Amino acid sequence: MPAKTQEIILASGNVGKIREIQAILNQHVIVPQSQFNLVEAEETGQTFIENALIKARHATTLCQRPAIADDSGLVVDALEGAPGVISARYAGEQASDAENLAKVLQQLGNTPAAKRSARFICVIAFLKYPDDPCPIIAQGVWEGQILFEPKGKNGFGYDPIFWVPEKNCSSAELNSAIKNSLSHRGQALQQFQQQLKHSSA
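Residues numbered from 1 in each chain as written. Predicted model: local features only at pLDDT ≥ 70, side-chain atom pairs only at ≥ 80, totals over all residues. Heavy atoms only, no water.

*Asks:* Help me understand the overall build of the protein chain, please; the structure alone is not making it clear to me.
*Replies:* Within the protein chain one finds 5 helices and 7 strands. Its helices and strands taken in sequence order, the protein chain reads β-α-β-α-β-α-β-β-β-β-α-α from the N to the C terminus. Its C-alpha atoms give the protein chain a radius of gyration of 17 Å, near enough to 17 Å, the size a compact globule of 201 residues would have. Summarising its shape, the C-alpha atoms of the protein chain cover approximately 50 × 30 × 25 Å along the three principal directions. Put simply, the protein chain has 201 residues, and 49% of those count as buried. The long-range share in the protein chain, meaning contacts at least 24 apart out of those at least 6 apart in sequence, stands at 60%. Put simply, the protein chain shows about 9700 Å² of open surface, and 51% of that area lies on carbon and sulfur atoms. In the protein chain, the 18 positive side-chain charges and the 20 negative ones have mean positions that sit 5 Å from each other. (Helix = DSSP H or I, 4+ residues; strand = E, 2+ residues; numbered from the N terminus. Rg over C-alpha atoms; globule rule 2.2 N^0.38 Å. Buried < 20%, exposed > 50% of the residue type's maximum accessible area, 1.4 Å probe, protein only. Contact = heavy atoms within 4.5 Å. Areas by Shrake-Rupley, 256 points an atom, 1.4 Å probe, with all protein chains shown as cover. Lys, Arg positive; Asp, Glu negative; His and termini not counted. Charge placed at Lys NZ, Arg CZ, Asp CG, Glu CD.)

This is the structure in structure tokens:
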């Protein structure tokens, strides 16, 4: 496992993601790429894996340090997988969280609860250097349903409309510790830590 003094660049400008990743990977020194004034990579991939690799490679190339990237989103069955890889910009390139989730609700309309199944997916990619031939890839999936209206004030993104059956509440009604123990990002980061530990053994 990397020494605590080793920096890992986090290829994200999303404040919510940065907060969650730093909380879970608290035994590492995580430095957001914003500290290097990097322009974010253009996400041109068709899958979460492709976009995570694009972002991690961009950060490690420009910073010359190991880099980790997260690509995640909401997949709604009744919307044929949308918003998917464009979750952060579903309602437009500069769309707010509120605008994105409003579009999901509008697209679903009166779709009955039994057909509002959805899941959050997160892919983590870690590269030691730009040409790393064996990046670490970890994935987490969090199953739930889409509510008819937002509930809760915690979290970010689509959390207010994502119903968590096992907790009988929305993701935005969970505290951060419980959310991180259940979520797609929490699952992927735990898996990543195990893979990193074995790769460094």
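Further notes follow.
*Asks:* Looking at this structure, how should I read the packing of aromatic side chains?
*Replies:* The way to describe two aromatic rings as a pair is by their centre distance and the angle between their planes. Considering all chains together, one arrives at 4 aromatic pairs under this definition. Geometrically, the ring pair formed by Phe-126 and Phe-192 is tilted, given 5.4 Å between the ring centres and 55 degrees between the ring planes. Remark: Phe-192 occurs in helix 5 (residues 184-199) and Phe-126 occurs in strand 4 (residues 117-127); sequence separation between them is 66 residues. Judged by its relative accessible area of 3%, Phe-126 falls in the buried class. (Phe/Tyr/Trp six-rings, centres within 6.5 Å; stacked < 30°, edge-to-face > 60°.)

*Asks:* Explain the pattern of salt bridges here, please?
*Replies:* When the charged atoms of two side chains lie near each other, side chains of opposite charge can form a pair. Under the counting rule described, the total for this entry stands at 12 salt bridges. Across the pair Arg-65 and Glu-7 runs a salt bridge whose closest N-O atoms are separated by 2.9 Å. Here Glu-7 lies in strand 1 (residues 7-10) and Arg-65 lies in the loop between helix 2 (48-63) and strand 3 (67-76), a separation of 58 residues in the sequence. A salt bridge links Lys-179 to Asp-159; the nearest nitrogen and oxygen atoms lie 2.5 Å apart. With Lys-179 in helix 4 (residues 176-182) and Asp-159 in the loop between strand 5 (136-146) and strand 6 (162-164), the pair connects residues that are 20 residues apart, well separated along the chain. For the pair shown, Lys-179 and Asp-159 are each scored as buried. (Salt bridge = Lys/Arg side-chain N within 4 Å of Asp/Glu carboxyl O.)

*Asks:* Looking at this model, I keep getting lost on helix 1 (residues 15-24). Mind explaining?
*Replies:* Residue pairs three or four apart in sequence face the same way in an α-helix, which turns once every 3.6 residues. Every buried residue of helix 1 is listed here: Gly-16, Lys-17, Ile-18, Glu-20, Ile-21 and Ile-24. At its buried positions, helix 1 is contacted by strand 1, strand 2 (29-32), helix 2, strand 3, helix 4 and helix 5.

*Asks:* Is there a simple way to think about helix 3 (residues 97-108) in this case?
*Replies:* Spanning 12 residues, helix 3 covers 17 Å between terminal C-alpha atoms, matching the ideal 16 Å at 1.5 Å per step. By the burial criterion, the buried members of helix 3 are Asn-100, Leu-101, Val-104, Leu-105 and Leu-108. Axial view of helix 3: buried residues confined to an arc of 135 degrees, hence all on one face. In this structure, helix 3 carries Ala-98 and Gln-106 as exposed residues pointing more than 90 degrees from its buried face. Residues of helix 3 that are buried in the fold lie against strand 3 and strand 5. (Expected span 1.5 Å × (residues − 1). Arc of directions from axis to C-beta.)

*Asks:* What exactly am I supposed to notice about the sheet that holds strand 7 (residues 169-170) here?
*Replies:* Two orientations exist for strands paired in a sheet by backbone hydrogen bonds: parallel and antiparallel. On the basis of which strands lie adjacent, the open sheet formed by 7 strands has the order 2-1-3-4-5-6-7 and mixed pairing. Each having just a single partner strand, strand 2 and strand 7 make up the two edges of the open sheet. The pairing of strand 1 with strand 3 spans 2 bridges and is parallel. By the bridge assignment for strand 3, Leu-10 is matched with Ile-68. Sitting on the sheet, helix 5 is in contact with strand 3, strand 4 and strand 5, with an inclination near 160 degrees to strand 5. (Pairing = 2+ DSSP bridges. Axes fitted to C-alpha atoms, helices over the stretch in contact; angles between N-to-C directions.)

Everything listed is a geometric property; what it means functionally is a separate question.
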